[in-house]
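Single-letter residue listing:
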Amino acid sequence: AQTVTQSQPEMSVQEAETVTLSCTYDTSESDYYLFWYKQPPSRQMILVIRQEAYKQQNATENRFSVNFQKAAKSFSLKISDSQLGDAAMYFCAYRSANGGNKLVFGAGTILRVKS
Amino acid sequence: GAGVSQSPRYKVAKRGQDVALRCDPISGHVSLFWYQQALGQGPEFLTYFQNEAQLDKSGLPSDRFFAERPEGSVSTLKIQRTQQEDSAVYLCASSLATSYNEQFFGPGTRLTVL
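Every chain's residues receive numbers from 1 upward, in the order its sequence appears when written. Ligands are numbered from 1 and chains lettered from A, in the order in which they are written. Restriction of local features to residues with pLDDT of at least 70 applies here, the model being predicted, together with a cutoff of 80 or more for giving and counting side-chain atom pairs; totals for whole chains, interfaces and linings are based on all residues. Neither water nor hydrogens contribute to the side-chain values; these are computed over all heavy atoms in the structure.

**Thoughts on the overall build of chain A**
And then number 1: Going along the chain from the N terminus, every DSSP run of H or I of four or more residues is numbered as a helix, and every run of E of two or more is numbered as a strand. In terms of regular secondary structure, chain A is built from zero helices and 12 strands.
And then number 2: Ordered by position from N to C terminus, the α and β elements of chain A give β-β-β-β-β-β-β-β-β-β-β-β.
And then number 3: Relative to the compact-globule value of 13 Å for 115 residues, chain A shows a C-alpha radius of gyration of 14 Å, a close match.
And then number 4: Viewed in the frame of its principal axes, chain A has a C-alpha envelope of about 45 × 25 × 20 Å. Each radius of gyration is computed over the set of C-alpha atoms, and the globule rule expresses the reference value as 2.2 Å times the number of residues to the power 0.38.

See below:
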């Protein structure tokens, strides 16, 4: 079974600074997808960024980018120019590309943004 | 356009009561998922539907949990004889058919069992 580990229960960043959230995962599959989801206090989960395992190029979405290291099974999220609205719980998630459609989530990292 | 909606948003039940949680997916979304999120934890998979077919129910914690999606649209998660350990937020998500597609989440139902 696949597992996802987020080793940072909580992180803080100063507004306008950069922060990196860590995620590692364990799988025996070669084809899969990785995601970062944001869950603000209102609770609705929002997709931040997605990475296909077969792509070597790291995904980017505006101020959000990932560092995907397939051999190391590492998938970190970098948030540049942090904004107050980035404060939330961030979840790393894994999804098999081989028929299984469920998301496997890590325990989450609370991100606090200081003004 | 409307997103995924869930009702009720909050539910308080006495131990032993039965509850029913409703999910309205995005129109046209074939796949529907239920997850359970304990306080301060990541969501955990419960069950998955493709249209009206329940293809995976491996995450349901006991036979007190039952989910259905009879017409391939609205889904109901039913919990019989609720226990305190059932207290959690129950999230519903929907997506288009393939595993590549993004899952869109609803706001969740917070269940508290007293």
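What follows continues from the structure just given.
**Topic: the interface of chain B and chain A**
How big an interface is tends to be stated in terms of accessible area lost as the parts join.
And then number 1: Residues are treated as being in contact if the distance between any of their heavy atoms lies within 4.5 Å. In this complex, chain B contributes 30 residues to the contact, which on the side of chain A involves 22 residues.
And then number 2: N or O atoms within 3.5 Å of each other form a polar contact, as long as, within protein, one can give a hydrogen and the other can take it, and as long as residues adjacent in sequence are counted only when both atoms are side-chain atoms. Across the contact surface, chain B and chain A share six residue pairs in polar contact (both at pLDDT 80 or more).
And then number 3: Counting residues per element, the ones that place at least two in the side of chain B that touches chain A are strand 4 (31-37), strand 5 (44-50), strand 9 (88-95) and strand 11 (109-113) of chain B.
And then number 4: Gly is placed with the polar residues, together with every amino acid not listed as nonpolar (Ala, Val, Leu, Ile, Met, Phe, Trp, Tyr, Cys and Pro) or charged (Asp, Glu, Lys and Arg). Its residues assigned to classes, the side of chain B that touches chain A shows 13 nonpolar, 13 polar and four charged.

**Considering unusual backbone geometry**
And then number 1: In this model, B:S7 is joined to B:P8 through a cis peptide bond whose omega is -10 degrees.
And then number 2: Mapped onto the elements, B:P8 comes out in the loop between strand 1 (5-7) and strand 2 (10-13).
And then number 3: The backbone of A:K73 sits at a positive phi, close to 55 degrees, despite the residue not being glycine.
And then number 4: Inspection of the secondary structure puts A:K73 in the loop between strand 8 (64-69) and strand 9 (74-79).

**Let's talk about the pairing of strand 5 of chain B**
Residue and element names in this part refer to chain B.
And then number 1: Counting buried positions along strand 5 gives five out of seven residues, so the element sits mostly inside the fold.
And then number 2: Bridge analysis of strand 4 against strand 5 gives six bridges, and the strand direction is antiparallel. Note that in strand 5 the partner of F33 across the bridge is Y48.
And then number 3: One bridge is not enough; two strands pair if DSSP finds at least two bridges between them. Linking strand 4 to strand 5, which pair antiparallel, is a turn of six residues; within it G40 sits at a positive phi near 75 degrees.
And then number 4: Two strands pair when backbone bridges link them, and strand 5 and strand 6 (residues 53-56) are joined in this way by three bridges, in the antiparallel orientation. Summary of the burial criterion: residues with accessible area below 20% of their type's maximum are buried, those above 50% are exposed, and those between are partly exposed, where the area comes from a 1.4 Å probe applied to protein chains only.

**Re the state of the cysteines**
And then number 1: For the purposes of this analysis, a disulfide is any pair of cysteine sulfur atoms at a distance within 2.5 Å. Within this structure, the stated rule accounts for two disulfides over all chains.
And then number 2: Bridging A:C23 to A:C92, the disulfide has an S-S length of 2.0 Å. Measuring the twist about the S-S bond at about -70 degrees, one finds the A:C23-A:C92 disulfide to be left-handed. Placement of the pair is A:C23 in the loop between strand 3 (19-21) and strand 4 (24-26) and A:C92 in strand 10 (residues 88-96), with a sequence separation of 69 residues.
And then number 3: By relative accessible area, A:C92 is classed as buried at 1%.
And then number 4: What pairs with B:C23 in a disulfide is B:C92, and their sulfur atoms sit 1.8 Å apart.

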